[in-house]
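Examination of the molecular architecture
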Amino acid sequence: QVQLVESGGDLVQPGGSLRLSCVASGFTLDYYSIGWFRQAPGLEREGVSCISRDDSSTYYSDSVKGRFTISRDNAKNTVYLQMKNMNPEDTAVYYCTALHLCSADRWEKVDDYWGQGTQVTVSS
């Protein structure tokens, strides 16, 4: 089991910005690629972005390209998701997870564990 804790979710107005954090617990974060997922009530969980272990290549879903930026700080054992120009469709619970593979067409999760997530609400 790979343990990660998400934080930073909040209420933000349309067009606003927010940064989420994902902190590893009990392991070295740079050992894995990391992905961000999100899930709105009644909808399927979807991949948002991932950052690779080896070269820090990044990938984004079409809905967030140009607006979201994923990054990692290995010294702090933390991955971030910087969100800007947010819209109501970004409202969801956001989760981070460890990946064996992060590429343009395939993401492979390390295990079946999901944390509590962090709530992001975009509303005026």
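See above for the structure.
Residues numbered from 1 in each chain as written. Predicted model: local features only at pLDDT ≥ 70, side-chain atom pairs only at ≥ 80, totals over all residues. Heavy atoms only, no water.

1. Topic: the overall build of the protein
Regarding its fold elements, the protein presents zero helices and eleven strands. Written out in order from the N terminus, the α and β elements of the protein read β-β-β-β-β-β-β-β-β-β-β. Computed over C-alpha atoms, the radius of gyration of the protein comes to 13 Å, within 12% of the 14 Å expected from 2.2 N^0.38 for 124 residues, which places it in the range of a compact globule. Based on the C-alpha atoms only, the size of the protein along its principal axes is roughly 40 × 30 × 25 Å. In the protein, which comprises 124 residues, the share counted as buried stands at 44%. Across the protein, contacts joining residues at least 24 apart in sequence account for 59% of those joining residues at least 6 apart. Per element, the accessible surface of the protein, about 6,600 Å² overall, is 43% carbon and sulfur. A distance of 4 Å separates the average location of the 11 positive side-chain charges in the protein from that of its 15 negative side-chain charges. (Helix = DSSP H or I, 4+ residues; strand = E, 2+ residues; numbered from the N terminus. Rg over C-alpha atoms; globule rule 2.2 N^0.38 Å. Buried < 20%, exposed > 50% of the residue type's maximum accessible area, 1.4 Å probe, protein only. Contact = heavy atoms within 4.5 Å. Areas by Shrake-Rupley, 256 points an atom, 1.4 Å probe, with all protein chains shown as cover. Lys, Arg positive; Asp, Glu negative; His and termini not counted. Charge placed at Lys NZ, Arg CZ, Asp CG, Glu CD.)

2. What to know about empty space enclosed by the protein
Inspection of every chain in the model, using the stated rule, returns one cavity of 30 Å³ or more. Forming the boundary of the largest cavity are Val2, Leu4, Glu6, Cys96, Thr97, Ala98, Lys109, Asp111, Tyr113, Trp114 and Gly115. Elements with a minimum of two residues in the lining of the largest cavity: strand E1 (3-7) and strand E9 (92-102). Of the residues forming the lining of the largest cavity, the biggest block, three residues, is contributed by E9. (1 Å grid on protein atoms, 1.4 Å probe; cavity = no way out; pocket = protein on both sides within 12 Å on 5 of 7 lines; lining within 4 Å. Points joined across faces, edges and corners; volume = space filled by probe spheres on them.)

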